Structures are given as C-alpha cells and as structure tokens.
Amino acid sequence: MLDNFPLWPQRASAMAGNVDALYIFLLIVTAMMTALIFTALIYFAARYRYRPGVPAEQIEGSTPLELTWSIIPLGVFMVIFFWGAVVYFKGRTPPRDSTEVYVVAKQWMWKLEHAEGQREINELHVPVGRDVKLIMTSQDVIHSFYIPAFRMKQDVLPGRYTVAWFRATKPGTYHLFCAEYCGTQHSGMVGSIVVMDPAQYEAWTNGGPTGPLSATGEKIFAELGCSTCHRSDSQGRGPNLQGVFGHPVALADGRTVTADENYIRECILDPGSKRVKGFQPIMPTFQGLVSEDQVNALVAYVKSLSKPADSGIKTSAAEPAPQAGQEKAQSGAQNKPKGSQVN
Amino acid sequence: MATATAQPPGQAIERENYLNKHYGVGSWLLTTDHKRIALLYLVSITFFFFIGGFFALLIRLELLTPASDLVQADTYNKLFTMHGMVMVFFFLIPSIPATLGNFLIPMQIGAKDLAFPKINLLSWYLYIIGGVMMLHCMLTGGVDTGWTFYTPFSTAYTNTKIVEAGLAIFVAGFSSILTGLNFIVTIHRMRAPGMTWTRMPLFIWAHYATSIIQILGTPVVAITIVLVAAERALHLGIFDPKLGGDPLLFQHLFWFYSHPAVYIMILPSMGVVSEIIACFSRKRIFGYSFVALSSIAIAVFGFLVWAHHMFVAGMSVYAALIFSLLSYAVAVPSAVKVFNWTATLYKGSIHYEAPMLYAFGFLGLFTIGGLTGLFLACLGIDVHVTDTYFVVAHFHYIMVGGALMGYLGGMHFWWPKISGKLYPEGWARLAALIVFIGFNLTFFPQFLLGYMGMPRRYADYSHMPEFQILNVFSTAGSTVLGVGYLLPMIYFLWSMRYGKPAPDNPWNAAGLEWQTASPPTTFNFEEEPVVTWEAYNYEEIDSGHKQEVHVVG
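Conventions we followed
Residues numbered from 1 in each chain as written. Chains lettered and ligands numbered in written order. Predicted model: local features only at pLDDT ≥ 70, side-chain atom pairs only at ≥ 80, totals over all residues. Helix = DSSP H or I, 4+ residues; strand = E, 2+ residues; numbered from the N terminus. Buried ≥ 20, exposed ≤ 12 C-beta atoms within 10 Å, placed from the backbone. Contact = placed C-beta atoms within 7 Å. Pairing = 2+ DSSP bridges. Axes fitted to C-alpha atoms, helices over the stretch in contact; angles between N-to-C directions. Expected span 1.5 Å × (residues − 1). Bend = angle between axes of the 7 residues up to and from the residue. Domains from an automatic or database assignment. Nonpolar A, V, L, I, M, F, W, Y, C, P; charged D, E, K, R; others polar. pLDDT = per-residue confidence, 0-100. Core = buried A, V, L, I, M, F, W, Y, C linked by C-beta atoms within 7 Å.

Draft legend 1. Up close: the overall build of chain B. Looking only at helices and strands, chain B features 17 helices and zero strands. Expressed along its principal axes, the backbone C-alpha trace of chain B runs to roughly 70 × 50 × 40 Å. Scored against the burial criterion, the 553 residues of chain B give a buried share of 63%. Sequence separation of at least 24 residues holds for 84% of the intrachain contacts in chain B that already meet a minimum separation of 6.

Draft legend 2. Structural context of the overall build of chain A. A count of helical and extended segments in chain A gives eight helices and twelve strands. Relative to its full complement of 343 residues, chain A shows a buried share of 37%. Sequence separation of at least 24 residues holds for 70% of the intrachain contacts in chain A that already meet a minimum separation of 6.

Draft legend 3. Here's a closer look at the sheet that holds strand 6 (residues 143–147) of chain A. All names here are of chain A. The five strands lie next to each other as 4-10-9-6-7, forming an open sheet whose pairing is mixed. Every other strand in the sheet has two partners, leaving strand 4 (123–127) and strand 7 (152–156) as the edge strands with one partner each. In this sheet, neighbouring strand axes are inclined to one another by 20° on average, regardless of whether the strands run parallel or antiparallel. Two strands pair when backbone bridges link them, and strand 6 and strand 7 are joined in this way by five bridges, in the antiparallel orientation. Counted as the bridge partner of Ser144 is Asp155 from strand 7.

Draft legend 4. Layout of unusual backbone geometry. The omega torsion of the bond from Thr151 of chain B to Pro152 of chain B falls at 0°, within 30 degrees of zero and hence cis. For Pro152 of chain B, the position within the fold is in the loop between helix 5 (117–139) and helix 6 (153–157). A cis amide bond links Ser518 of chain B to the next residue, Pro519 of chain B, at an omega of -10°. Secondary-structure assignment places Pro519 of chain B in the loop between helix 16 (468–498) and helix 17 (538–543). In the Ramachandran plot, Arg151 of chain A falls in the positive-phi region, its phi being about 55° despite a non-glycine side chain.

Draft legend 5. Spotlight on the environment of Ser154 of chain B. Residues and elements named next belong to chain B. Looking at where Ser154 falls in the secondary structure, it is placed in helix 6. Linking Ser154 and Arg232, residues 78 residues apart in sequence, is a C-alpha distance of 7.8 Å. Setting aside residues up to four positions removed in sequence, Ser154 forms contacts with Thr145, Phe149, Ile162 and Val228.

Draft legend 6. Quick peek at the sheet that holds strand 5 (residues 131–138) of chain A. All names here are of chain A. Read across the sheet, five strands follow the order 3-2-1-5-8 without closing on themselves; strand pairing throughout is mixed. Both edges of this open sheet fall to strand 3 (119–121) and strand 8 (162–167), since each of them pairs with a single strand only. Across this sheet, the average inter-strand angle for adjacent strands is 25°, counted without regard to direction. Bridging between strand 1 (residues 99–106) and strand 2 (residues 109–114) involves six bridges; their strand directions are antiparallel. Bridge pairing in strand 2 places Val104 opposite Lys111.

Draft legend 7. Structural context of the interface of chain A and chain B. Residue-level contacts link 69 residues of chain A with 71 residues of chain B. When contributions to the side of chain A that touches chain B are tallied by element, the ones reaching two or more residues are helix 1 (14–47), helix 2 (63–92), strand 6, strand 7 and strand 9 (172–178) of chain A. If you tally residues by element for the side of chain A that touches chain B, the top one is helix 2 of chain A, at 16 residues.

Draft legend 8. Spotlight on the environment of Gln242 of chain A. Residues and elements named next belong to chain A. Topologically, Gln242 is positioned in the loop between helix 5 (226–229) and strand 11 (248–250). C-alpha of Gln242 to C-alpha of Ser306: the two residues are 64 residues apart in sequence and 6.0 Å apart in space. If sequence neighbours within four positions are ignored, Gln242 has contacts with Ser232 and Leu305.

Draft legend 9. Seen up close, the pairing of strand 1 of chain A. Here strand 1 of chain A lies mainly inside the structure; six of its eight residues are buried. With antiparallel pairing between neighbouring strands as the criterion, strand 1 of chain A and strand 2 of chain A make up a hairpin whose turn holds two residues.

Draft legend 10. Expanded view of helix 9 (residues 247–280) of chain B. Residues and elements named next belong to chain B. The end-to-end C-alpha distance of helix 9, which contains 34 residues, comes to 50 Å, matching closely the 50 Å that a straight helix rising 1.5 Å per residue would cover. Along helix 9, the largest kink reaches about 35° and is centred on Trp255. The buried fraction of helix 9 amounts to 31 of the 34 residues, a majority that puts the element mostly inside the structure.

Draft legend 11. Focus on the domain arrangement of chain A. Residue and element names in this part refer to chain A. Taken domain by domain, chain A comprises domain 1 (1–46 + 64–208) and domain 2 (213–341). Counting from both sides, the interface comprises 13 residues of domain 1 and, opposite them, eleven residues of domain 2. Counting only elements with at least two residues in the side of domain 1 that touches domain 2, the list comes to strand 1 and strand 5. Along the lines of polarity and charge, the residues of the side of domain 1 that touches domain 2 split into five nonpolar, four polar and four charged.

Draft legend 12. Examining the confidence of the model for chain B more closely. All names here are of chain B. Looking at chain B as a whole, the pLDDT averages 93, with 96% of positions reaching at least 70. Predicted confidence for residues 1–12 stays below pLDDT 50, and this span has eleven contacts to residues more than four positions away or in other chains. Segment residues 546–553: pLDDT under 50, and 17 contacts once partners within four positions in sequence are set aside and those in other chains are kept. Predicted complex, confidence summary: ipTM 0.90, pTM 0.89.

Draft legend 13. Quick peek at the nonpolar core. Within the largest apolar cluster, 273 residues are counted, with the highest numbers of intra-cluster contacts made by Val103 of chain A together with Cys378 of chain B. When residues of this core are assigned to their parent elements, the largest contribution, 21 residues, is made by helix 9 of chain B. Taken together, domain 1 (1–46 + 64–208) and domain 2 (213–341) of chain A each give at least three residues to this core, which thus spans both. Setting aside residues no more than four positions away along its own chain, Val103 of chain A makes contact with Trp110, Leu112, Leu134, Ile135, Met136, Phe145 and Val156 of chain A.

The following block contains the structure:
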C-alpha cells in the first residue's frame, strides 16, 4: 500500500513491515494526542478570550484529573514500549541458520566478506528470502551499518564484533549508509545492497574465484601454528576447538561464558582475559599480528568446527586468496609467548 | 555592552535604578548586582546565539543542493560541530537560567540578591573565559567531531582542536555549576518571610530542578572531557580499544550529562511558560503542586534515561529494554505539565499579548517535540530513525521550539522590568508568528527525511537526490526563522532608546518582581516584603481589593 507513497522509504525486508506497522500505530496514537491537546488549546483560547466584565474563574486543580492524565498516558506508553521491545528483540536475534557475512568498516568504506568467500567493497549481494547475519567490526572509529529499506541499523565498533541480521524480501538495489559520524568523508561512506532472485544470486556466486572463508581461516590457522596446541584430540596444550562454538565454556576464573564470535575474537587477540579452565596461560596474543580480515577468517574456521553438516557453505573449487602480510604475522606468532597473556 | 551605553541620558524624572546608579565600563565589569550580571550574560549569550545561528544558516545553505558545493566536507563537518557546541554550551545551557533566572530569582522570592553575588560574577567570567577559548578554537581551525566527541574518533583519529574545545567547555561548565549552586542556596536560604515552598512561583521550582541537574550532571561531563584529553594527549587507554579502552564507556559518560542537559534547557522554559500562562489567562495554574513536583520528577528521572541514545550502539538488549522503559517514565511528568497548562486556560480570561503568543508557540512545538520522543524511546522504531534527521528534528523541536520559544516569551514578558521600556507590541506579535511558521517549515520536513532514511551529519547526499525537495523546504524555512530571531533583537535595542517608559507592573501580574520599580533599584525592595498570599493570586489582583501591604520600590 505504502510502496508508492512518495515520502515513504522502500520496504524490502521482513523487519520493515514490523517497523512500519508500529510506526503507523504510533502516528495514529500521537496524532490523536496532538489533536486532543490542540483542540483543547484552540477551543479554550477562543472560548475564554478576554471579555470586559467576565472575570476568570479560579480553579485549584483536581487530583482525580491529575491521576487520570498521568495513568492513561502511562498505559498507552507501556503498550508502545512492549510492542517496540518485541520488534527490537526480533531485530536483534539472528535466526540460527543464517548465512553469514563478515563486515569490516574503515574510514570510509565497507568491506564485506561472504562466508562462501566472495569479497565485496561498498556493495553487498544477497538473495531474496535468506536470513543474512552480519558479523561486523571496525578497523578505526565507530561506524554504523544502516539500510533504510530494511529498517536495520547497527553501530560497528573497533575492537569487538557487533551483530545484525536481515531477510530481504524484494529484489532491487537499496542504499547502504554509514549512520554514525566517522570523519571527513562520512557522507561518502555509502554503498548499495543488491537483492537478487535466488537463481541470479547463484549465478553471481559462481563467478567468484575464492573458496569459503572458513577454508581461508583453516589455512591461516595452520600457518600461524595454532594447530600445534589446539589439536583435534585431547592431547594439546590448548583447548580442542571441535564443537566449542555456541556452547558454554568454563573459565579459569570460575565464570562461564558462551563461545560466541566475540569470545573467539577475544581469545585470539587477548588470550589471557578469558582463559579456559584447566589450561596454562601460554598462548601469545595475536593483537597487531593479524588483520581484521584474518581474524574474521579464523573465527569463521572455528565456527565451522562446530557445524557437522556445514549446509550453508558451498565448497566450490577452493582457491584461497593469498594474503599480503600473512608471512609477517606467521613468523611473529610462532615464537615465544609474549608477556601480556599472563594475568 | 549595548545595554550599558544606550541608556537614555538626562530624563529629569527618572528614578534611580540599577541601570543608572553607576555608569562606566568598570561599574558593569565589577558589579555584583544579579540584575547587571544577568544583562552581562544576556549580551554574551546573544552574541553566541548569532554565531551559532550563522553556522546553522551555512549548514542549511550547503544542504540546499545534494552535492557538497558551498563548502568542503571538512568545513561542513566543522560547521555542524561548532553549531552544536556553541548552541548547547554557550547559548542554551546558560540561556534562561543565567539571564532571566539571574535577574528574577532574587526578586521573585523577595531577596536583595543571590546568596553569593561575587560567585555570580565569577561564573560570568568563567563563561567568558570559556567562550573566548571556544572562539579562539573556532578561529584557529575548529573541531570536526560533532558536539558529541565520540571516541575513538575524537581521541585518536581527528587532527582538529579537541583538547582546546574540550577545555573551553570544561571552563564554561564550572560557570554552570556555580550558577546552579548559587540558585539552590538562594532558594533555600533567602526567601522573604512568608514565602513558603508552596507559595513560590513555578519559575522558581523549575530553576530549583534545573540547578540540581547542573550541580550533579556537569561534573560528570567535566571528568569525561578530562579523560578524553588524557587519552588524546597522554595516550592513556580509556576509550580507545587499541589502547585497551572501551568506546561505549565514553558514550555512557557523555550522555549521563548530556541527556539531563536537555532538561537544563527545557525546565527553565517550562517555568517561564507557567508564569506567562497564569498572567495572561488571569488564573492560578491548574494543579500547582503537580506542575511543581513534575519539575523535580523530570530532574530525577532525567538522570536514569541516558542510554536511550545508544540503542544501536552495541549495548546489551536487556539494558536497552530498561532504558526504553525509563524513558517512558520521564515522558509522564512532561505530559502532566502540558495537560495542566491547557487546563489553566479553561474558564480563564485570556489576553493575547506577545508573551502569550510565544507561550502558545511553546505549547505547540513542545507537544510535537515531546510526542516524537515517544517514537525515539520505542526500541523498534529507534533502530530505524536514530542518527537520521528524525532525531535532528525531534531535538530541535524540544531545544529550539520549546526552550527558545520560552526564552523569547520570557524576554518579552519581563523586558519592561529589565529595561524599564515597553517593546513595540505589533512587531513582537509579528515576530512570534514568523518564528513559529519559520520553525515548522525548517524542522517538520526533517521528520519526513528521517523516516525516509537520510542520515544526519552528511555533507553530501548526491547518492540520494530524492532527499532534495524536503531539504529545500527546510532551508527556505531556516531563512524565515532567521528573520524571526533577528526581529526581537532589533526592536528590543530600539525600545531601549525609543520605547515608552514601562509602568512598574504593565501586565498587572502577580509575583513579587512586579512590586518593584521598572527598572528595579539595586537592592530590589526598599523594605523586605512579607508574603501572605499564594502564587498567582489573580483573583485578588483583578478584584482590586488586595489587602496586603503594598511594598513599592
């Protein structure tokens, strides 16, 4: 209905309908409140304008009336709150079997890397009807990944992952904006989201020369020597990573955390902070030795160790893209542990 | 300084008052009279208002066309940053408290001056030092982070003058703290006999609530600025993840002050509107105690909602739920005020002089600003509209539509008392109308732009030319608005020389300040007034047999 309304944004995701419905509800509620207040104001202003000989009638106030116009609005507000919370909760909870895209933001561009291995800049191709989970981080300042047509926005922070998801419902090309001010070319940090029919998308993915991201990660895992300690049996000096992702991990300090993307990331970059129970603090930090892209690949690899079927990942001819700077990272990392992990 | 020099000389019958008692620059720069300090503030904040307004006009001109063609992206970024910093820290925060509050609080409670007259002067000097630092910062390069200083951009990536701008705000912040402190002590300790808490004008209640926020909130932003400076200059890892810090910590600290700061701007304006509506409908305020206590409730709840600026910042979902819920809690006392003001009009005897037109303007714009706040507090909607023009429109409706309308209404209402002269009523009504129309024309299209998805702080929107039409409306409106703001300054200045002399109580208003001379003498009252009546005793005033001892200055 609203698709062709001139002052309305395009609606192209599952979330957009939810947000629009809530927005229209709020428009109606607030329009009624505005009408109520403005009608009263205008009516009183006209009806009780100054007339000689007609004095104002003093009224103390009325506690029942005060309670009425406190409690009724509060009730209305609570309805808005709950509805808003439900929509928000849905928008913040990615479905379990989403396709994953790793996003690295930097001044002033978006780098997007599909779990299947395709890499894009300032442009993201996705198929209609598939849940897409974005695992995002920034190389420098805070950015914000905003697709108005999907009613989706999430800040992208340096030093951690933030997660968002969407399911596109309509083929087309939509704006991608950076919504958090990030410096000189903030307004140039824009791109597009290309939503395609599944068949078209299939054709598009087959055009790419690269293998899945997790395969790249596996290669880095071996090159950095991670596999010498993190063995696939119980004999390693580090925890066995098979089946770790998505499950609770008991830490040496007594806490238990769920091994999500941020946890894996933190273990790579700051291994001492959340050390697994029963293991010595011998892992070196990889902070500064691996790029954001490499961390993403490693995370994708660790995640792939917990997916028995790996149904989402297509294994086309694997041809891992060799990465500049990898050698340096490798030589630095294989040496003795640094002091920073002891805490 | 125009106030000091434009005093008409040698009117034979002129009584001695605070303006003509002493002449010369020294008598102003070393004064401890709260009324003269209020005028020092008035001149200074007006200066900064027009600087901030000039930046705003350049921003709107740049956005007239999608491409970044009037100024370069870097310049644009500095323009919106300096617009925000100047308007927030050097105009809106001091606006009503430091001018009207300073002028009126002692008089409204029957005191000779504030509790600490010298600290009052000190606070103006701190403001000026901060202001000069900010001017120097702007003239030598400026800042490009947005007034929000988000880290790690501000601490590690921009090469503009963060530390200098931060220090300017730091110093000006102490001015705000001292003013708040002065008001609280004055309201507690200096009330005239019989001026009980429940007899105080609502203007005083609003300033009391404001002062609480100034004292409790401002130190937090001061500390935050010091931390930003420490990270930037000394590379202490506080906010930058590369140094082991947390960028969200900055946002929490910043908004812990900067959200309540909005209430520093709007509460005094609400106080002004209460006075005006009572006077021009010749009635006591409906539900006095609810209006008074709602100010305190806003001040208290206002400290518990800061993270509603951060729903997409990477905060936990559960924290977002709590802050959304509390944000609705703070909306209730604001709604209660609007309902009470509306109910006050009922069976009133309403006059339509310019102050009342501004008060109506306030009610209209604040209602829209407040109701659009419901959209932003709603988690599901906020995700889409935060950091877009929807937010820009919303907070301008509150901080400009609300706070500035109240400020202008108050300036007109008390101008006869301040200057001893009447302003030209016809021009003033026209200006009120122009401001109202210009304001809506400027900012209403921005709600539509925001929902369509136009992000804020974009120098260039040539990728999305569909946003241009609404931007053209907005820019056109801003020129109308500019005229509306220039007019009062012109006719106020004009009236100081050519205006008719004002009677002591031109509006026949309640309130002790109207029982002083216009302009008042240095110590306001010749003898200490004794209060035996409620605030807004318009029934007694209008029935003409007010039996209280008439204390005339």
